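# Structural overview
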Amino acid sequence: MHYLGYEQLQGVQNHMVVDTYGVSPLCVLELSHWPGNRTPNAFRRDTSTESVVAWVEAGGHDSELSIQAVSNDHYDLDGLLAIWAAMNPDALDAHRDALVGVATTEDFDRFVSEQDLRITLELLAAEQLVTAASAGRDTDTNAFTARLYNALLPEVQRCLSGRFQLEAEWAGEFREVMRSLELLEGGLGGCVDEYPDVDLAVVVSDRPFHPFAVHTITQRTRLLTLVQGQRPTIYYRYESFVDYVSRSMPPRVPLKPLAARLNRSERCGVWVGEGMLAAHPRVQLFAPDGSVAISSFEADSLIRTVVDYFREAAIDPSTHWRPGDGLRAGPELDLLPTSIDLCAR
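Quick caveat, the model's predicted, so the values are computed rather than measured.

## Some words on the pairing of strand 9 (residues 270–273)
Residues Trp271 and Gly273 line the buried face of strand 9, whereas the alternating positions Val270 and Val272 sit on a face that is not buried. Judged from the four bridges that link them, strand 9 and strand 10 (residues 282–286) form a sheet pairing that is antiparallel. Paired with valine 270 across the two strands is phenylalanine 286, which belongs to strand 10.

Structure, rendered in structure tokens:
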């Protein structure tokens, strides 16, 4: 099996796609966690990489499908590792845990082991080098995506084996993540309060903490961050966008009505809500000139307003969206991502 750019799949018999949708009748297998995916139930996992690992471990690569090529329509580490795993089934015994751990770290901004974090940062640094070298060369998104995969697939085994060449580029960020985690765990400089009934975590701090640390210390998929010197933000984590199977979580509800509710009382700016079908939708406060604004809400009042909104929204199922509904369902169809050709499905 070999990698082909997504636009090169036309006419290719017996191909598979990972971390995206198989739109061609010649696609014989889709292994993805994207909303509305057609991954066989036996291989559904939290990340697309895990789905490929499960497929390989079940003997799928030796099946009668005789898959010739594998592809993805966008680049990220979950896609990279999923493609690499499909192409290198004999290497899974040695690297299974790292594959799963790194895909989880990069996709969900949380980590289990420090080594997973190191490998993730090494691969991200390698991606940045390729991106910088490609500046001005690829005006076509598909060509740039293929360039990333062709450049970085040969680097995967080195990184999974812990043979780091770019540590100088990411060592500072690694220290920042670990320091943030240490401070959060010790309640120093900030605190994380959870409201389990609405799956919300509230982060109040006098300094910014690295997202990898915040998302590692709490599993809640809705967050409200109140960080000194930064704009207040409410957002959904990526786990609630994909077809996450290892635990249940509440559906997404629209964020624009929450912004409207906050604006009825806000005196120092405008709350702007994004569509809930984005991967990481947010509600943020902006000053009239677009700069950071300090909310007129007292922290306790803002938290109470957000919690009350999610509690009330939980009662009305007509506003709910779950990944299993796909991207063509839900109350915000006008906000579908434009990078996906839904009609082709």
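## Here we look at the sheet that holds strand 8 (residues 233–236)
Spatially, 5-6-7-8-10-9 is the arrangement adopted by the six strands of the open sheet, whose pairing is mixed. Taken across any chain shown, the strands that pair with only one partner, and hence form the sheet edges, are strand 5 (190–195) and strand 9. In this sheet, neighbouring strand axes are inclined to one another by 20° on average, regardless of whether the strands run parallel or antiparallel. Against the sheet, helix 9 (residues 256–263) touches strand 8, strand 9 and strand 10, its axis set at about 175° to strand 9.

## Some details on the side chain of threonine 47
Note that threonine 47 resides in the loop between strand 3 (27–31) and helix 1 (48–57). Setting aside its immediate chain neighbours within four residues, threonine 47 contacts His33, Asp78, Ala103, Thr104 and Phe108.

## Focus on the nonpolar core
Across soluble globular proteins, nonpolar side chains show a tendency to be buried alongside one another. Core analysis: the biggest nonpolar cluster contains 59 residues, and Met16, Val52, Trp55 and Leu80 have the highest contact counts within it. A per-element tally of this core places helix 2 (residues 77–87) first, with eight residues.

## Overview of the pairing of strand 3
Most of strand 3 sits inside the fold, with four of its five residues counted as buried. Relative to strand 3, strand 2 (residues 15–18) runs parallel, the two sharing four bridges. Within the sheet, the bridge partner assigned to valine 18 lies in strand 3 and is leucine 31.

## Regarding the layout of surface pockets
A volume near 430 Å³ is recorded for the largest pocket. In this structure, the largest pocket is lined by 21 residues; those nearest its centre are Phe209, Pro211, His215, Thr225 and Tyr235. For the lining of the largest pocket, the secondary structure elements donating two or more residues are helix 3 (92–108), helix 8 (211–217), strand 7 (222–227) and strand 8. Here the residues of the lining of the largest pocket are counted per class, giving ten nonpolar, five polar and six charged.

## So, the pattern of salt bridges
The final tally for this structure, using the stated rule, is 15 salt bridges. One salt bridge connects arginine 311 with aspartate 197, and the closest N-O pair in it is separated by 2.7 Å. Of this pair, arginine 311 sits in helix 10 (residues 299–313) while aspartate 197 sits in the loop between strand 5 and strand 6 (200–205), placing them 114 residues apart in sequence. Measuring nitrogen to oxygen at the nearest pair gives 3.3 Å for the salt bridge that ties glutamate 274 to arginine 282.

## Concerning the confidence of the model for the protein
On average, residues of the protein score 91 in pLDDT, and 94% of them reach the 70 mark or higher. Within the model, the stretch residues 333–345 combines pLDDT values under 50 with 20 contacts to residues more than four positions away or in other chains.

## What to know about helix 9
Within helix 9 the residues assigned to the buried category are Leu258, Ala259 and Leu262. Around the axis of helix 9, the buried residues are gathered within 100° of arc, so they sit on the same side. Taken together, the buried residues of helix 9 touch strand 8, strand 9, strand 10 and helix 10.

## Brief notes about the environment of valine 53
As for its placement among the helices and strands, valine 53 is situated in helix 1. Residue classification places valine 53 among the buried residues on the basis of a relative accessible area of 0%. Taking the C-alpha atoms as reference points, valine 53 and leucine 188, 135 residues apart in sequence, are found 39 Å from one another. Sequence-distant contacts of valine 53, defined by excluding residues within four places in its chain, comprise Leu92, Arg96 and Leu99.

## Structural notes on helix 4 (residues 114–133)
Turn by turn, an α-helix covers 3.6 residues, leaving residues three or four places apart pointing in a common direction. An ideal rise of 1.5 Å per residue puts 28 Å on 20 residues; helix 4 measures up with 29 Å between its terminal C-alpha atoms. All buried positions along helix 4 are accounted for by Asp116, Leu117, Ile119, Thr120, Leu121, Glu122, Leu123, Ala125, Ala126 and Val130. Those residues of helix 4 that are buried are in contact with helix 2, helix 3, helix 5 (141–152), helix 6 (156–160), helix 7 (167–186) and helix 8.

## As for unusual backbone geometry
At aspartate 109, a position not held by glycine, the phi torsion is positive, near 55°. By the secondary structure assignment, aspartate 109 is in the loop between helix 3 and helix 4. For aspartate 199, which is not glycine, the phi dihedral falls at a positive 55°. For aspartate 199, the location among the structural elements is in the loop between strand 5 and strand 6.

## With respect to the sheet that holds strand 3
The strand order 1-4-2-3 describes an open sheet built from four strands, whose pairing is parallel. The open sheet is flanked by strand 1 (2–3) and strand 3, the only strands paired with a single partner. The pairing of strand 2 with strand 4 (residues 69–71) spans three bridges and is classified as parallel. The partner of histidine 15 across the bridge, within strand 4, is alanine 69.

About the criteria used
Residues numbered from 1 in each chain as written. Predicted model: local features only at pLDDT ≥ 70, side-chain atom pairs only at ≥ 80, totals over all residues. Heavy atoms only, no water. Buried < 20%, exposed > 50% of the residue type's maximum accessible area, 1.4 Å probe, protein only. Helix = DSSP H or I, 4+ residues; strand = E, 2+ residues; numbered from the N terminus. Pairing = 2+ DSSP bridges. Axes fitted to C-alpha atoms, helices over the stretch in contact; angles between N-to-C directions. Contact = heavy atoms within 4.5 Å. Core = buried A, V, L, I, M, F, W, Y, C linked by side-chain atoms within 4.5 Å. 1 Å grid on protein atoms, 1.4 Å probe; cavity = no way out; pocket = protein on both sides within 12 Å on 5 of 7 lines; lining within 4 Å. Points joined across faces, edges and corners; volume = space filled by probe spheres on them. Nonpolar A, V, L, I, M, F, W, Y, C, P; charged D, E, K, R; others polar. Salt bridge = Lys/Arg side-chain N within 4 Å of Asp/Glu carboxyl O. pLDDT = per-residue confidence, 0-100. Arc of directions from axis to C-beta. Expected span 1.5 Å × (residues − 1).

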